[in-house]
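The residues making up each chain are set out below.
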Amino acid sequence: MTDSSATARPDRRAELAAGLAHIRTRIADACAEVGRDRAEVTMIAVTKTYPASDVLALAGLGVTDMGENRDQEAAGKAAEVAAAGVRPRWHFIGQLQRNKARSVVRYADAVHSVDSVRLARALASATADRESPLDAMVQVSLDGDAARGGALPGSADPGAGLEPVAEAVAEAPGLRLTGLMAVAPLGWEPDRAFARLAEVAGAFRAIHPGATGLSAGMSGDFEIAIRYGATHVRVGSALLGMRPTLR
Ligand SMILES: *Cc1c(COP(=O)(O)O)cnc(C)c1O
(Lines give C-alpha, C1' and ligand atoms only; values in the text may rest on other atoms or scores of the structure.)
Protein backbone atom coordinates (compact mmCIF):
# COMPACT_ATOMS: atom_id res chain seq x y z
CA MET A 1 0.00 0.00 0.00
CA THR A 2 1.56 3.25 -1.05
CA ASP A 3 -1.30 5.67 -0.47
CA SER A 4 -1.07 6.59 3.19
CA SER A 5 -4.48 8.33 3.10
CA ALA A 6 -6.08 4.93 2.51
CA THR A 7 -4.34 3.34 5.50
CA ALA A 8 -6.25 2.96 8.75
CA ARG A 9 -4.68 4.31 11.93
CA PRO A 10 -3.23 1.63 14.22
CA ASP A 11 -5.90 2.19 16.87
CA ARG A 12 -8.65 1.69 14.28
CA ARG A 13 -6.96 -1.48 13.06
CA ALA A 14 -6.86 -2.81 16.62
CA GLU A 15 -10.54 -1.94 17.07
CA LEU A 16 -11.48 -3.78 13.86
CA ALA A 17 -9.32 -6.77 14.82
CA ALA A 18 -11.09 -7.03 18.17
CA GLY A 19 -14.53 -6.67 16.56
CA LEU A 20 -13.67 -9.30 13.97
CA ALA A 21 -12.41 -11.78 16.57
CA HIS A 22 -15.68 -11.35 18.45
CA ILE A 23 -17.85 -11.88 15.37
CA ARG A 24 -15.83 -14.92 14.31
CA THR A 25 -16.37 -16.46 17.73
CA ARG A 26 -20.10 -15.74 17.58
CA ILE A 27 -20.33 -17.37 14.14
CA ALA A 28 -18.33 -20.42 15.22
CA ASP A 29 -20.47 -20.81 18.36
CA ALA A 30 -23.70 -20.50 16.39
CA CYS A 31 -22.50 -23.16 13.93
CA ALA A 32 -21.38 -25.48 16.73
CA GLU A 33 -24.72 -25.13 18.48
CA VAL A 34 -26.59 -26.62 15.52
CA GLY A 35 -23.83 -28.91 14.29
CA ARG A 36 -23.06 -26.96 11.14
CA ASP A 37 -19.63 -26.77 9.54
CA ARG A 38 -18.18 -23.29 10.10
CA ALA A 39 -16.91 -23.32 6.51
CA GLU A 40 -20.53 -23.20 5.27
CA VAL A 41 -20.97 -19.63 6.54
CA THR A 42 -19.39 -16.63 4.82
CA MET A 43 -19.22 -13.41 6.77
CA ILE A 44 -19.78 -10.32 4.67
CA ALA A 45 -18.43 -7.16 6.29
CA VAL A 46 -20.99 -4.46 5.53
CA THR A 47 -18.76 -1.41 5.09
CA LYS A 48 -21.41 1.15 4.07
CA THR A 49 -20.71 4.60 5.52
CA TYR A 50 -17.17 3.47 6.45
CA PRO A 51 -14.08 4.49 4.45
CA ALA A 52 -11.90 2.50 2.07
CA SER A 53 -9.20 2.47 4.76
CA ASP A 54 -11.46 0.25 6.87
CA VAL A 55 -11.97 -2.12 3.93
CA LEU A 56 -8.20 -2.36 3.49
CA ALA A 57 -7.68 -2.97 7.20
CA LEU A 58 -10.34 -5.71 7.20
CA ALA A 59 -8.81 -7.28 4.11
CA GLY A 60 -5.47 -7.26 5.92
CA LEU A 61 -7.15 -9.15 8.75
CA GLY A 62 -8.34 -11.83 6.34
CA VAL A 63 -11.85 -10.63 5.48
CA THR A 64 -12.51 -11.55 1.85
CA ASP A 65 -16.12 -10.40 1.38
CA MET A 66 -17.46 -6.84 1.69
CA GLY A 67 -21.03 -5.57 1.38
CA GLU A 68 -22.39 -2.21 0.26
CA ASN A 69 -25.93 -0.94 -0.26
CA ARG A 70 -25.59 2.24 -2.34
CA ASP A 71 -24.04 2.30 -5.77
CA GLN A 72 -22.52 5.74 -5.65
CA GLU A 73 -20.68 5.10 -2.40
CA ALA A 74 -19.71 1.56 -3.36
CA ALA A 75 -18.34 2.45 -6.81
CA GLY A 76 -15.94 5.02 -5.39
CA LYS A 77 -14.87 2.82 -2.51
CA ALA A 78 -14.27 -0.22 -4.70
CA ALA A 79 -12.11 1.91 -7.02
CA GLU A 80 -10.09 3.26 -4.09
CA VAL A 81 -9.56 -0.23 -2.70
CA ALA A 82 -8.57 -1.58 -6.13
CA ALA A 83 -6.08 1.28 -6.52
CA ALA A 84 -4.41 0.04 -3.33
CA GLY A 85 -3.99 -3.35 -4.99
CA VAL A 86 -6.66 -5.14 -2.96
CA ARG A 87 -9.56 -7.01 -4.58
CA PRO A 88 -12.19 -8.28 -2.11
CA ARG A 89 -15.43 -9.87 -3.28
CA TRP A 90 -17.98 -7.06 -3.35
CA HIS A 91 -21.60 -7.93 -2.55
CA PHE A 92 -24.29 -5.44 -3.46
CA ILE A 93 -26.98 -5.90 -0.81
CA GLY A 94 -29.22 -2.83 -1.08
CA GLN A 95 -32.29 -1.96 -3.08
CA LEU A 96 -31.09 -1.41 -6.60
CA GLN A 97 -32.58 0.79 -9.28
CA ARG A 98 -32.42 -0.46 -12.83
CA ASN A 99 -30.51 2.60 -14.01
CA LYS A 100 -27.66 1.67 -11.63
CA ALA A 101 -27.26 -1.86 -12.98
CA ARG A 102 -24.58 -0.86 -15.46
CA SER A 103 -22.47 0.72 -12.73
CA VAL A 104 -22.93 -2.09 -10.20
CA VAL A 105 -21.83 -4.86 -12.57
CA ARG A 106 -18.47 -3.10 -13.03
CA TYR A 107 -17.31 -3.76 -9.45
CA ALA A 108 -19.74 -6.22 -7.84
CA ASP A 109 -19.14 -9.95 -7.71
CA ALA A 110 -22.61 -10.64 -6.35
CA VAL A 111 -25.96 -8.86 -6.11
CA HIS A 112 -28.22 -10.10 -3.29
CA SER A 113 -31.20 -7.89 -3.98
CA VAL A 114 -32.69 -8.98 -7.31
CA ASP A 115 -36.41 -8.64 -6.71
CA SER A 116 -38.08 -8.00 -10.05
CA VAL A 117 -37.99 -9.40 -13.55
CA ARG A 118 -37.15 -5.94 -14.88
CA LEU A 119 -34.12 -5.62 -12.58
CA ALA A 120 -32.96 -9.13 -13.52
CA ARG A 121 -33.17 -8.15 -17.20
CA ALA A 122 -31.34 -4.85 -16.62
CA LEU A 123 -28.53 -6.69 -14.80
CA ALA A 124 -28.45 -9.37 -17.48
CA SER A 125 -27.97 -6.86 -20.28
CA ALA A 126 -25.39 -4.94 -18.23
CA THR A 127 -23.25 -8.07 -17.83
CA ALA A 128 -22.57 -8.25 -21.59
CA ASP A 129 -18.94 -7.14 -21.27
CA ARG A 130 -18.09 -8.94 -18.03
CA GLU A 131 -15.58 -11.76 -18.19
CA SER A 132 -17.28 -13.82 -15.49
CA PRO A 133 -20.97 -14.18 -14.66
CA LEU A 134 -22.44 -12.08 -11.86
CA ASP A 135 -23.69 -14.07 -8.88
CA ALA A 136 -27.31 -13.15 -8.23
CA MET A 137 -29.56 -13.91 -5.31
CA VAL A 138 -33.27 -13.24 -5.37
CA GLN A 139 -34.42 -11.13 -2.44
CA VAL A 140 -37.57 -12.49 -0.85
CA SER A 141 -40.23 -10.46 0.88
CA LEU A 142 -41.25 -12.44 3.98
CA ASP A 143 -44.25 -10.28 4.85
CA GLY A 144 -45.51 -9.50 1.34
CA ASP A 145 -44.84 -5.77 1.80
CA ALA A 146 -43.45 -5.09 -1.66
CA ALA A 147 -42.64 -1.47 -0.80
CA ARG A 148 -39.69 -2.68 1.30
CA GLY A 149 -38.31 -4.78 -1.54
CA GLY A 150 -38.32 -8.47 -2.23
CA ALA A 151 -39.98 -10.89 -4.62
CA LEU A 152 -43.16 -12.58 -3.50
CA PRO A 153 -43.02 -16.31 -2.74
CA GLY A 154 -45.96 -18.31 -4.01
CA SER A 155 -47.09 -15.47 -6.23
CA ALA A 156 -47.50 -15.81 -9.99
CA ASP A 157 -47.13 -12.02 -10.35
CA PRO A 158 -45.24 -11.87 -13.67
CA GLY A 159 -43.05 -8.97 -12.52
CA ALA A 160 -42.31 -9.71 -8.88
CA GLY A 161 -43.32 -13.31 -8.12
CA LEU A 162 -40.39 -15.29 -6.76
CA GLU A 163 -40.50 -17.90 -9.51
CA PRO A 164 -40.75 -15.45 -12.45
CA VAL A 165 -37.82 -13.45 -11.01
CA ALA A 166 -35.75 -16.59 -10.44
CA GLU A 167 -36.50 -17.75 -13.98
CA ALA A 168 -35.38 -14.41 -15.41
CA VAL A 169 -32.08 -14.76 -13.53
CA ALA A 170 -31.61 -18.43 -14.38
CA GLU A 171 -32.09 -17.92 -18.09
CA ALA A 172 -29.65 -14.97 -18.36
CA PRO A 173 -26.21 -16.13 -19.58
CA GLY A 174 -24.40 -13.37 -17.65
CA LEU A 175 -26.07 -14.19 -14.32
CA ARG A 176 -25.62 -17.16 -12.02
CA LEU A 177 -28.57 -17.87 -9.73
CA THR A 178 -26.93 -18.62 -6.37
CA GLY A 179 -29.77 -18.47 -3.86
CA LEU A 180 -32.08 -16.29 -1.82
CA MET A 181 -31.69 -13.28 0.43
CA ALA A 182 -34.00 -11.77 3.02
CA VAL A 183 -34.16 -9.18 5.76
CA ALA A 184 -36.33 -9.89 8.80
CA PRO A 185 -39.43 -7.67 8.45
CA LEU A 186 -39.84 -4.87 10.98
CA GLY A 187 -41.69 -6.07 14.02
CA TRP A 188 -41.11 -9.78 13.35
CA GLU A 189 -39.21 -11.99 15.75
CA PRO A 190 -36.08 -13.21 13.92
CA ASP A 191 -37.12 -16.82 14.64
CA ARG A 192 -40.39 -16.35 12.80
CA ALA A 193 -38.70 -14.57 9.89
CA PHE A 194 -35.90 -17.06 9.36
CA ALA A 195 -38.14 -20.09 9.86
CA ARG A 196 -40.35 -18.73 7.10
CA LEU A 197 -37.29 -18.06 4.94
CA ALA A 198 -36.02 -21.63 5.48
CA GLU A 199 -39.39 -22.93 4.34
CA VAL A 200 -39.32 -20.76 1.20
CA ALA A 201 -35.68 -21.77 0.55
CA GLY A 202 -36.51 -25.48 0.84
CA ALA A 203 -39.19 -25.22 -1.82
CA PHE A 204 -36.94 -23.03 -3.95
CA ARG A 205 -34.06 -25.54 -3.92
CA ALA A 206 -36.40 -28.28 -5.08
CA ILE A 207 -36.79 -26.25 -8.31
CA HIS A 208 -33.27 -24.75 -8.45
CA PRO A 209 -30.96 -27.37 -6.89
CA GLY A 210 -27.81 -25.35 -7.63
CA ALA A 211 -29.05 -22.26 -5.82
CA THR A 212 -28.05 -23.23 -2.29
CA GLY A 213 -26.99 -19.82 -0.98
CA LEU A 214 -29.00 -18.18 1.79
CA SER A 215 -28.10 -14.60 2.68
CA ALA A 216 -29.72 -13.84 6.03
CA GLY A 217 -28.84 -12.31 9.35
CA MET A 218 -27.33 -8.99 10.36
CA SER A 219 -25.51 -7.78 13.50
CA GLY A 220 -28.47 -8.34 15.80
CA ASP A 221 -29.78 -11.65 14.54
CA PHE A 222 -27.16 -13.59 12.60
CA GLU A 223 -26.90 -16.42 15.15
CA ILE A 224 -30.60 -17.13 14.63
CA ALA A 225 -30.19 -16.96 10.86
CA ILE A 226 -27.33 -19.49 11.07
CA ARG A 227 -29.64 -21.79 13.01
CA TYR A 228 -32.05 -21.66 10.06
CA GLY A 229 -29.42 -22.32 7.41
CA ALA A 230 -27.85 -18.96 6.48
CA THR A 231 -24.76 -19.36 4.29
CA HIS A 232 -24.00 -15.62 4.13
CA VAL A 233 -24.36 -13.31 7.11
CA ARG A 234 -24.16 -9.55 6.55
CA VAL A 235 -22.50 -7.89 9.52
CA GLY A 236 -22.10 -4.13 9.74
CA SER A 237 -22.40 -2.31 13.05
CA ALA A 238 -21.28 -5.19 15.29
CA LEU A 239 -18.01 -5.22 13.37
CA LEU A 240 -17.38 -1.62 12.33
CA GLY A 241 -19.33 0.33 14.93
CA MET A 242 -22.65 2.14 14.96
CA ARG A 243 -23.32 4.11 11.80
CA PRO A 244 -24.16 7.79 12.20
CA THR A 245 -27.47 7.36 10.37
CA LEU A 246 -29.63 4.30 10.25
CA ARG A 247 -30.00 2.92 6.74
C1 LIG B 1 -26.83 -2.29 6.55
C2 LIG B 1 -27.25 -3.63 6.14
C3 LIG B 1 -26.80 -4.77 6.85
C4 LIG B 1 -25.91 -4.69 8.08
O5 LIG B 1 -26.66 -4.24 9.17
P6 LIG B 1 -26.06 -4.25 10.67
O7 LIG B 1 -27.25 -4.28 11.53
O8 LIG B 1 -25.26 -3.00 10.80
O9 LIG B 1 -25.21 -5.46 10.80
C10 LIG B 1 -27.21 -6.01 6.41
N11 LIG B 1 -28.02 -6.15 5.33
C12 LIG B 1 -28.47 -5.09 4.64
C13 LIG B 1 -29.37 -5.33 3.47
C14 LIG B 1 -28.10 -3.80 5.02
O15 LIG B 1 -28.56 -2.76 4.32
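Note that this is a predicted model, so its numbers are computed, not measured.

Parameters at a glance
- Residues numbered from 1 in each chain as written.
- Predicted model: local features only at pLDDT ≥ 70, side-chain atom pairs only at ≥ 80, totals over all residues.
- Heavy atoms only, no water.
- UniProt positions renumbered as here; feature names shortened; annotations may be inferred.
- Helix = DSSP H or I, 4+ residues; strand = E, 2+ residues; numbered from the N terminus.
- Near = heavy atom within 4 Å.
- Polar contact = N/O pair within 3.5 Å; in protein donor to acceptor, adjacent residues only side chain to side chain.
- Areas by Shrake-Rupley, 256 points an atom, 1.4 Å probe, with all protein chains shown as cover.
- Nonpolar A, V, L, I, M, F, W, Y, C, P; charged D, E, K, R; others polar.
- Buried < 20%, exposed > 50% of the residue type's maximum accessible area, 1.4 Å probe, protein only.
- Contact = heavy atoms within 4.5 Å.
- Core = buried A, V, L, I, M, F, W, Y, C linked by side-chain atoms within 4.5 Å.

### Let's talk about the UniProt feature "domain: Alanine racemase N-terminal" (unreviewed entry) in the chain
Item 1. With numbering matched to this structure, UniProt assigns "domain: Alanine racemase N-terminal" (unreviewed entry) to residues 39–244.
Item 2. Helix and strand shares over residues 39–244 are 37% and 18% respectively, and the end C-alpha atoms of the span are 32 Å apart.

### Overview of the UniProt feature "modified residue: N6-(pyridoxal phosphate)lysine" (unreviewed entry) in the chain
Item 1. When the UniProt feature table is mapped onto this chain, "modified residue: N6-(pyridoxal phosphate)lysine" (unreviewed entry) is found at Lys48.
Item 2. Relative to the helices and strands, lysine 48 is located in the loop between β1 (42–46) and α2 (52–60).

### A closer look at the site of the ligand
Item 1. Near the ligand lie 12 residues; those nearest to it are Lys48, Ser219, Gly236, Ser237 and Arg243.
Item 2. Serine 219 has a polar side-chain atom sitting 2.5 Å from an oxygen atom of the ligand.
Item 3. A distance of 2.8 Å separates an oxygen atom of the ligand from a polar backbone atom of serine 237.
Item 4. When the free accessible area of the ligand is taken as 390 Å², the share hidden by the protein chains comes to 88%.
Item 5. Partitioned by chemical class, the residues of the shell around the ligand number four nonpolar, four polar and four charged.

### Notes on helix α5 (residues 117–126)
Item 1. Every buried residue belonging to α5 is among Val117, Leu119, Ala120, Ala122, Leu123 and Ala126, and all of these are buried.
Item 2. Elements in contact with the buried residues of α5: α4 (101–107), β4 (110–114), β5 (134–139), α6 (162–170) and β6 (175–181).

### Quick look at the nonpolar core
Item 1. Of all hydrophobic cores here, the largest spans 75 residues; its most connected members are Ile27, Met43, Leu123, Val138, Leu180, Val233 and Leu239.
Item 2. Not counting residues within four places of it along the chain, the set of residues in contact with valine 233 comprises Ile27, Val41, Thr42, Met43, Ile44, Ala216, Gly217, Phe222 and Ile226.

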